[in-house]
Amino acid sequence: MSTKEKILINTLSLIDSKPFPQISTKEIAKESGISEGAIFKHFKTKNEILDHLCEKFLNIATHIDLSSINNESQFKNILINFFLTLQNTKSQIYKLVLYISMYKPEKFKIFNKIIKEKVYKQIETTVKLNQTNWSYKEDINIKVQVRLLMYSIYFFTIQQDVFGADKIEKFNMKDVITTSVNNFITGLKK
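Residues numbered from 1 in each chain as written. Predicted model: local features only at pLDDT ≥ 70, side-chain atom pairs only at ≥ 80, totals over all residues. Heavy atoms only, no water.

So, the overall build of the protein chain
Here is the rule: For helices the rule is a DSSP run of H or I covering at least 4 residues; for strands it is a run of E covering at least 2, with both sets numbered from the N terminus onward. A 1.4 Å probe rolled over the protein chains alone gives each residue an accessible area, and that area as a share of the maximum for its type sets the label: buried under 20%, exposed over 50%, partly exposed in between. Contacts between residues were defined by any pair of non-hydrogen atoms, one from each residue, lying within 4.5 Å. Positive charges come from Lys and Arg alone, negative charges from Asp and Glu alone, with His and the N- and C-terminal ends not counted. Charge placement uses NZ in Lys and CZ in Arg. For Asp and Glu, CG and CD serve respectively.
Within the protein chain one finds nine helices and zero strands. The N-to-C order of helical and strand elements in the protein chain reads α-α-α-α-α-α-α-α-α. If you line up the protein chain on its principal axes, its C-alpha atoms span 60 × 35 × 30 Å. Relative to its full complement of 190 residues, the protein chain shows a buried share of 41%. A separation threshold of at least 6 residues defines the contact pool for the protein chain, and within that pool the share at least 24 residues apart is 68%. Between the centroid of the 28 positive side chains of the protein chain and the centroid of its 19 negative side chains there is a distance of 2 Å.

Structure below.
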């Protein structure tokens, strides 16, 4: 693993315990097993580390390919696997996104636009192209259905992993994701 990758991973690890603004480059260096000066060989500022983490998040959050879907079962499986991959990032990615949404709204708008173009539109297009073949309602608001699917999983995960609801009532996230995707598909049916 490169030093740059170590810095990013350890910064994410620190984000899991406290907000990004409270993390010092000294802490990042200690966690990474390097000198503080070594950080600045790879990143000009602490905010540049944040920019790289955001880029890493976007790569994970938009990695879905629905271009060669042949049937509804395949569509469903790709959706489930996409959300499971996001889930495997644990709470650090969600904490990073919450920080960006609260304190860097311009960057969050860019995130939202990219996710809309690379993920939401793919799902919407797949539903639209297969409405007849897969017996989906003709008059359904596809955008609303896709947003409900996405947001339900995102916010369920945030409640469980970021806000600690799992300490009160823990759910198997694979079951949550599978149920959400099944509900999405069922909601599209005639």
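Things to note about the environment of N112
Note that N112 resides in helix α7 (residues 105-129). With 54 residues separating them along the chain, N112 and L58 place their C-alpha atoms 9.8 Å apart.

Quick look at the pattern of salt bridges
Pairing is possible between side chains of opposite charge, provided their charged atoms come close. The cut-off we apply is this: The term salt bridge refers to a pairing of a side-chain nitrogen on Lys or Arg with a carboxyl oxygen on Asp or Glu at a separation within 4 Å.
Counting across every chain of the model gives eight salt bridges. K56 is the salt-bridge partner of E5, the closest N and O atoms lying 2.4 Å from each other. One end of the pair, E5, is in helix α1 (residues 3-15); the other, K56, is in helix α4 (residues 46-61), and 51 residues separate them in sequence. A relative accessible area of 25% places K56 in the partly exposed class.

Description of the environment of T62
For clarity, the cut-off: Any N or O atom pair separated by 3.5 Å or less is treated as a polar contact, with the protein-specific requirement of one donor-capable and one acceptor-capable atom, and with residues adjacent in sequence counted only for side-chain atom pairs.
Looking at the secondary structure, you find T62 in the loop between α4 and α5 (72-87). Through-space distance from the C-alpha of T62 to that of M1 is 24 Å; in sequence the pair is 61 residues apart. Apart from the residues lying within four places of it in its own chain, the contact partners of T62 are F82, I114, I115, K118 and V119. At a separation of 2.5 Å, a polar atom in the side chain of T62 contacts the main-chain carbonyl oxygen of L58.

Description of the nonpolar core
Rules: Nonpolar cores were defined as sets of buried Ala, Val, Leu, Ile, Met, Phe, Trp, Tyr and Cys residues, with membership established by side-chain atoms within 4.5 Å.
The biggest cluster of nonpolar side chains holds 57 residues, and the ones touching the most others in it are F57, F75, F83, I123, M150 and F184. Elements with a contribution of two residues or more to this core: α1, α2 (25-32), α4, α5, α6 (90-103), α7, α8 (142-162) and α9 (173-188). By residue number, the principal contributor to this core is α8, which donates eight residues.

Digging into the confidence of the model for the protein chain
We count it as follows: A residue's pLDDT is simply how confident the predictor is in it, with values from 0 to 100.
Within the protein chain, residue pLDDT values average 91, and 98% of them lie at 70 or more. No element of the protein chain has a lower mean pLDDT than α6, which averages 77, and none a higher one than α9, which averages 97.

Quick notes on α5
Here is the rule we go by: Expected helix span is taken as 1.5 Å per residue step, with the number of steps being one fewer than the number of residues.
End to end, α5 covers 23 Å across 16 residues, agreeing with the expected 22 Å (1.5 Å per residue, within 8%). Taken together, the buried positions of α5 are occupied by F75, L79, I80, F82, F83, L84, L86 and Q87. Where α5 begins, the side chain of N71 points an oxygen toward the backbone nitrogen of S73, at a separation of 3.1 Å.

Some thoughts on the packing of α4 against α7
Geometry of a packed helix pair, given as the angle between the helix axes and the separation of the axes. Threshold: For helices, the fitted line uses only the C-alpha atoms of the stretch in contact; every axis is such a line through C-alpha atoms, and the angle between N-to-C directions lies from 0 to 180 degrees. These descriptions rest on fixed angle ranges, namely under 35 degrees for roughly parallel, over 145 for roughly antiparallel, 65 to 115 for roughly perpendicular, and the rest for oblique. A crossing counts as left-handed when the near helix is turned anticlockwise from the far one by less than a right angle, and as right-handed when that turn is clockwise.
Relative to each other, α4 and α7 sit at 20°, their axes nearing to 10 Å. Considering the angle they form, α4 stands roughly parallel to α7. Read as a crossing pair, α4 and α7 show a hand that is right-handed. For the pair α4 and α7, contact is made by D51, C54, F57, L58 and A61 and by K107, F111, I114, I115 and V119, respectively.

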